[in-house]
Amino acid sequence: IKVGVLISGSGSNLQSIIDRIEDGSLSADIVCVISNNAGAFGLERARKHTIPALHMDHRQFAGRSAYDAALVETLQQYGVELVILAGFMRIITPVLIDAFPHAIMNIHPAILPAFPGLHAQRQALDHGARISGCTVHFVDAGTDTGPIIIQAAVPVLDDDTEESLSARIQVEEHRVYPRAIQLYAEGRLSVEGRRVIITPPVP
Ligand code: GRF
């Protein structure tokens, strides 16, 4: 399956996907990585693995829809079948969502529907939650509201900081995101209303 990855920053999730492809446990091909931010370290990670790495500056477009139209054009040029949001810090519009129906995934650092939006780890700490984690979901028009594919939980410890909790959650992110992509690549994910049904593997 041809995957396009959208990032804005470090790209540690991108790296986990690259690593699983290289060790043979993920059957996917990253055909392009796009960042809205020129300084994103994830662009360097991509180039190191000879993956086309593009900077598309959102500030050079008239608005969100115009930017998303340019993203769609580029993703389609590369033949992308599945779009992976991996720390892409932009609100996306129906222009992008409708071009890839049930074919855009996001990872969020909380157990949705708890703590959507920005600073999810801070929200969990401020709320006094004892458990948090991460969620891989299909993207719909809302913020972190789409059908849930995989979740993984971690404890929140009394002495946690935003950094220590984020690090514990990221270990799980790096495990579940490649797994969700592999399930998609195997054709095992189907969306029924709000729910994602995972078909058992063919023996
Ligand atoms: C992750 O915490 C992810 O849950 C959130 O953005 C962060 C991206 O981290 N959506 P990285 O750039 O993959 O290291």
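Residues numbered from 1 in each chain as written. Predicted model: local features only at pLDDT ≥ 70, side-chain atom pairs only at ≥ 80, totals over all residues.

1. Comments concerning the overall build of the protein chain
Part 1 of the reasoning: Assigned secondary structure in the protein chain consists of six helices and nine strands.
Part 2 of the reasoning: A compact globule built from 203 residues would reach a C-alpha radius of gyration of about 17 Å, and the protein chain, at 16 Å, matches this within 12%.
Part 3 of the reasoning: Taken along its principal axes, the extent of the C-alpha atoms in the protein chain is 50 × 45 × 35 Å.
Part 4 of the reasoning: Residues classed as buried in the protein chain amount to 37% of the 203 residues present.
Part 5 of the reasoning: Counting only contacts in the protein chain whose residues sit at least 6 apart along the sequence, the fraction spanning at least 24 positions is 66%. (Helix = DSSP H or I, 4+ residues; strand = E, 2+ residues; numbered from the N terminus. Rg over C-alpha atoms; globule rule 2.2 N^0.38 Å. Buried ≥ 20, exposed ≤ 12 C-beta atoms within 10 Å, placed from the backbone. Contact = placed C-beta atoms within 7 Å.)

2. Describing the domain arrangement of the protein chain
Part 1 of the reasoning: You can read the domains of the protein chain as domain 1 (1–100) and domain 2 (107–203).
Part 2 of the reasoning: Relative to domain 2, the C-alpha centre of domain 1 lies at a distance of 19 Å.
Part 3 of the reasoning: Listed as interface residues are 17 residues of domain 1 and, on the opposing side, 13 residues of domain 2.
Part 4 of the reasoning: Among the elements of the structure, α1 (12–22), β4 (82–85) and α4 (94–97) are those that each provide at least two residues to the side of domain 1 that touches domain 2.
Part 5 of the reasoning: For the side of domain 1 that touches domain 2, the element with the most residues is α1, which contributes five residues.
Part 6 of the reasoning: Along the lines of polarity and charge, the residues of the side of domain 1 that touches domain 2 split into twelve nonpolar, four polar and one charged. (Domains from an automatic or database assignment. Nonpolar A, V, L, I, M, F, W, Y, C, P; charged D, E, K, R; others polar.)

3. What to know about unusual backbone geometry
Part 1 of the reasoning: The omega torsion across Leu112 and Pro113 is 10 degrees, close enough to zero to call that bond cis.
Part 2 of the reasoning: The topology assignment puts Pro113 in the loop between β5 (104–108) and α5 (120–127).
Part 3 of the reasoning: At His102, a position not held by glycine, the phi torsion is positive, near 50 degrees.
Part 4 of the reasoning: With respect to the element layout, His102 can be found in the loop between α4 and β5.
Part 5 of the reasoning: Here the phi dihedral of His119 falls at roughly 55 degrees; this positive angle occurs in a residue that is not glycine.
Part 6 of the reasoning: With respect to the secondary-structure elements, His119 resides in the loop between β5 and α5.

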